[in-house]
Amino acid sequence: MEISEHPIFIESIAHIRSKIGFTGLDEIHQSILERIIHASGDLRIQSLLRFSPRACEDAIGALRKGAKILTDSHMAKAAVSPMAKRTLNSDVQCILDMRYKSPDLTSTTRSAVAIRTAWLDLEKKDDLLEAPIVVIGSAPTALMALLDLIEEGHTKPSLIIGMPVGFIGVCESKARLLNSDISHIVLESSKGGASLAAATINALLKASV
């Protein structure tokens, strides 16, 4: 199924290609790079993008089998939902919308508690055939909490898109993900954000149909 794009987006991608030249990337990696550059306005971002082996292939396979998409922010959910509806009709959920106990914010964050609660709840579901894809564009504490759970022996996601933005704990959380055996797509440095993380999963959704 061909997914049409807005003419301005098509023109923007053509401009990006004219500026970055030959990258040596395959089609899906190239698509992710182009969408991230489009979302960020930063042509230099290619040097920061990291993929684990078969990250894209495994994620596309999981999406085709009905994997849920979990986001760490409402902004990311809003950016992903239209593409999900146009492609595989994937279930997109924000962890902040799921039921969890209000945390003591002196020792943790809402996002960290929410991802832990959401992940443990999802593990209990009998109809969860594929592990979710987790899209982190805002909260390094959510990424850290999820990595803690996996180290404790809980289910690995089909993919983690690790692109939290900022300075406190951001580079540390990304480095920890990069050094793990979890399927991942990571944007190194303090750069990231909901729009870039959403651009990544949107490219994977488009490639899945």
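Refer to the structure printed above.
The structure contained in this document is the topic of the report that follows. (Residues numbered from 1 in each chain as written. Predicted model: local features only at pLDDT ≥ 70, side-chain atom pairs only at ≥ 80, totals over all residues. Heavy atoms only, no water.)

## Quick notes on the overall build of the protein chain
Right, on to step 1. Counting secondary structure elements, the protein chain contains 8 helices and 6 strands.
Right, on to step 2. Counting from the amino terminus, helix and strand elements in the protein chain follow one another as α-α-β-α-β-α-β-α-β-α-β-α-β-α.
Right, on to step 3. A compact globule built from 209 residues should have a C-alpha radius of gyration of about 17 Å, and the protein chain, at 16 Å, falls within 12% of that.
Right, on to step 4. Overall, the C-alpha framework of the protein chain stretches about 50 × 35 × 30 Å when taken along its three principal axes.
Right, on to step 5. Sequence separation of 24 or more characterises 69% of the internal contacts of the protein chain that already satisfy a separation of 6 or more.
Right, on to step 6. Accessible area for the protein chain stands at about 10300 Å²; split by element, carbon and sulfur atoms hold 53% of it.
Right, on to step 7. Separation of charge centres in the protein chain, based on 23 positive and 24 negative side chains, amounts to 3 Å. (Helix = DSSP H or I, 4+ residues; strand = E, 2+ residues; numbered from the N terminus. Rg over C-alpha atoms; globule rule 2.2 N^0.38 Å. Contact = heavy atoms within 4.5 Å. Areas by Shrake-Rupley, 256 points an atom, 1.4 Å probe, with all protein chains shown as cover. Lys, Arg positive; Asp, Glu negative; His and termini not counted. Charge placed at Lys NZ, Arg CZ, Asp CG, Glu CD.)

## A look at the packing of helix H2 (residues 27–40) against helix H8 (residues 194–207)
Right, on to step 1. Axis separation between H2 and H8 bottoms out at 8 Å; the angle between their running directions is 145 degrees. Here H2 runs over H8; the crossing is right-handed. Here H2 contributes Ile28, Ser31, Ile32, Arg35, Ile36, Ala39 and Ser40 to the contact with H8, which in turn contributes Ser195, Leu196, Ala199, Thr200, Asn202, Ala203, Leu204, Lys206 and Ala207.
Right, on to step 2. For the contact of H2 with H8, the residue count by class is 9 nonpolar, 5 polar and 2 charged. (Axes fitted to C-alpha atoms, helices over the stretch in contact; angles between N-to-C directions. Left-handed = near helix turned anticlockwise from the far one by under 90°. Nonpolar A, V, L, I, M, F, W, Y, C, P; charged D, E, K, R; others polar.)

## Considerations on the packing of helix H1 (residues 7–20) against H2
Right, on to step 1. One way to put it is that H1 packs onto H2 with a least axis distance of 10 Å and a crossing angle of 105 degrees. Classed by the angle they form, the pair H1 and H2 counts as roughly perpendicular. On H2, the residues that touch Phe9, Ser12, Ile13, Ile16, Arg17 and Ile20 of H1 are Gln30, Leu33, Glu34, Arg35, Ile37 and His38.
Right, on to step 2. Residues that form the contact of H1 with H2 fall into these classes: 6 nonpolar, 3 polar and 3 charged. (Parallel < 35°, antiparallel > 145°, perpendicular 65-115°, else oblique.)

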